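Chain residues, written in single-letter form:
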Amino acid sequence: MNQPDATPSAPRDPRDPAVTQAKNPVAAHPITSAAIFVLVAGSICCTLIVPIYAHITPKIGDFPFFYFYLLAYMPVVAIALWLASLLQRRLATPTGASGSDTEVAR
């Protein structure tokens with residue numbers, strides 16, 4: 001009769017890197033990934049919702065509200081994207097970790 005080509009494997013050791021290492025960093029850290037999404041999407045959406053800032057009045061000093069909003073918004077976006085980049089670094093795998101490109105010595 002037909003015999004299987006490979007023998008059944010033994011249960012894996014819980015400390016085996018193939019078991020403990022997450023395949024997808026986004027799936028491994030869903031809260032961090034959601035925070036990155038909110039920061040980036042919020043930065044984009046707040047400039048696309050024009051009725052928020054498309055007003056001539058109220059004037060703040062000599063600036064119409066439109067210019068004041070954009071001038072105040074740019075540092076906020078810079079800080080939000082900086083935080084998103086810091087969070088994204090946490091998702092990256094460490095340089096010493098074994099990945100799909102490296103072989104595991106047995």
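Scroll up a little and you will see the structure.
In this report, we go over the structure that sits alongside the text. (Residues numbered from 1 in each chain as written. Predicted model: local features only at pLDDT ≥ 70, side-chain atom pairs only at ≥ 80, totals over all residues. Heavy atoms only, no water.)

Once that is clear, we can look at the overall build of the protein. Of the regular secondary structure elements, the protein holds 4 helices and 0 strands. For the protein, the sequential pattern of α-helices and β-strands runs α-α-α-α. Residue burial in the protein is summarised as follows: out of 106 residues, 12% are buried. Looking at the protein alone, contacts between residues at least 24 apart form 54% of all its contacts between residues at least 6 apart. For the protein, the accessible surface area stands at approximately 9000 Å², while carbon and sulfur atoms represent 66% of it. (Helix = DSSP H or I, 4+ residues; strand = E, 2+ residues; numbered from the N terminus. Buried < 20%, exposed > 50% of the residue type's maximum accessible area, 1.4 Å probe, protein only. Contact = heavy atoms within 4.5 Å. Areas by Shrake-Rupley, 256 points an atom, 1.4 Å probe, with all protein chains shown as cover.)

Moving on, we get to helix H3 (residues 30-48). With 19 residues, H3 ought to run about 27 Å at 1.5 Å a step, and its terminal C-alpha atoms sit 26 Å apart, in line with that. Residues of H3 that are buried include every one of Thr32, Ser33, Ile36 and Ser43, and no others. (Expected span 1.5 Å × (residues − 1).)

With their axes 9 Å apart at the nearest point, H3 and helix H4 (residues 65-91) run at an angle of 160 degrees to one another. Relative to H4, H3 is oriented roughly antiparallel. For the element pair H3 and H4, the recorded crossing hand is left-handed. Along the contact surface, H3 presents Thr32, Ser33, Ala35, Ile36, Leu39, Val40, Gly42, Ser43, Cys46 and Thr47, while H4 presents Tyr69, Tyr73, Val77, Ala80, Leu81, Leu83, Ala84, Leu87, Gln88 and Leu91. Residue composition of the contact of H3 with H4, grouped by class: 14 nonpolar, 6 polar and no charged. (Axes fitted to C-alpha atoms, helices over the stretch in contact; angles between N-to-C directions. Parallel < 35°, antiparallel > 145°, perpendicular 65-115°, else oblique. Left-handed = near helix turned anticlockwise from the far one by under 90°. Nonpolar A, V, L, I, M, F, W, Y, C, P; charged D, E, K, R; others polar.)

On the surface, Ile60, Phe63, Tyr67, Phe68 and Leu71 cluster together into a nonpolar patch covering about 490 Å² of accessible area. Mapped onto the elements, Leu71 comes out in helix H4. (Patch = residues over 30% accessible without salt bridge, like charges linked within 9 Å, V, L, I, M, F, W, Y side chains within 5 Å. Salt bridge = Lys/Arg side-chain N within 4 Å of Asp/Glu carboxyl O.)

A few words now on the packing of aromatic side chains. To describe a pair of aromatic rings, you give the distance between the ring centres and the angle between the ring planes. Following the criterion strictly, the structure yields 5 aromatic pairs and no others. A centroid spacing of 5.7 Å and a plane angle of 35 degrees characterise the contact between Tyr53 and Phe66, whose relative ring orientation is tilted. Taken together, the residues span a long stretch of sequence, with Tyr53 in the loop between H3 and H4 and Phe66 in helix H4 at a distance of 13 residues. By relative accessible area, Phe66 is classed as partly exposed at 29%. Note on Phe65 and Tyr69: the rings are 6.2 Å apart at their centroids and 40 degrees apart in plane angle, and the pair reads as tilted. In this pair, Phe65 and Tyr69 are both assigned in helix H4, 4 residues apart and thus about one turn of the helix distant. (Phe/Tyr/Trp six-rings, centres within 6.5 Å; stacked < 30°, edge-to-face > 60°.)

The values are spatial; any link to function lies outside them.
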